[in-house]
Amino acid sequence: EEVFEREASKLANGTKVTLIHFRKIGLDCIDIKLGLVTGGEEHAVRAVTTITAKQAVTSKEIDESPEANFWSPELTTTLMVIGADCKSLVY
């Protein structure tokens, strides 16, 4: 209830939410990325969620910041390392 009230007040203050992507991963996981704009400040939120019986069971926020991603000077590009644990109930 408290979280709902806090988030509702953010949106009422003019926060704009844009769906960047909604992807199915395997049989029971979805990858969701939202763009948030509050005033002049922009940032993105990404989460991988496991679905069981049409309900979200677990959800993990993915940190895509440069500090959280793997980078090696030997490589010519920056690599993004993301770990997601999705367990399928049906094989």
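Everything in this summary refers to the structure shown in the same document. (Residues numbered from 1 in each chain as written. Predicted model: local features only at pLDDT ≥ 70, side-chain atom pairs only at ≥ 80, totals over all residues. Heavy atoms only, no water.)

## Structural notes on the layout of surface pockets
No. 1: Approximately 270 Å³ is the volume attributed to the largest pocket.
No. 2: Taken together, V3, E7, K10, L11, T15, V17, L34, L36, T38, H43 and V45 form the lining of the largest pocket.
No. 3: Elements supplying a minimum of two residues to the lining of the largest pocket: α1 (2-12), β2 (29-38) and β3 (41-52).
No. 4: Residue contributions to the lining of the largest pocket peak at 4 residues, all from α1.
No. 5: Counted by class, the lining of the largest pocket contains 6 nonpolar, 3 polar and 2 charged residues. (1 Å grid on protein atoms, 1.4 Å probe; cavity = no way out; pocket = protein on both sides within 12 Å on 5 of 7 lines; lining within 4 Å. Points joined across faces, edges and corners; volume = space filled by probe spheres on them. Helix = DSSP H or I, 4+ residues; strand = E, 2+ residues; numbered from the N terminus. Nonpolar A, V, L, I, M, F, W, Y, C, P; charged D, E, K, R; others polar.)

## Things to note about the side chain of T49
No. 1: For T49, the location among the structural elements is in strand β3.
No. 2: Judged by relative accessible area, which is 8%, T49 ranks as buried.
No. 3: Within the structure, T49 has its side chain in polar contact with the side chain of S59 (distance 3.0 Å).
No. 4: With sequence-adjacent residues up to four places away left out, T49 is seen in contact with D28, C29, I30, A56, T58 and S59. (Buried < 20%, exposed > 50% of the residue type's maximum accessible area, 1.4 Å probe, protein only. Polar contact = N/O pair within 3.5 Å; in protein donor to acceptor, adjacent residues only side chain to side chain. Contact = heavy atoms within 4.5 Å.)

## Some points on the sheet that holds β3
No. 1: Taken together, the 4 strands give an open sheet; going across it, the order is β1-β2-β3-β4, and neighbouring strands pair in antiparallel fashion. Each edge of the open sheet carries a strand with a single partner, namely β1 (16-25) and β4 (55-62). Ignoring strand direction, the axes of neighbouring strands in this sheet form an average angle of 25°.
No. 2: As paired elements, β2 and β3 share 10 bridges and run antiparallel to each other. Paired with T38 across the two strands is E41, which belongs to β3. (Pairing = 2+ DSSP bridges. Axes fitted to C-alpha atoms, helices over the stretch in contact; angles between N-to-C directions.)

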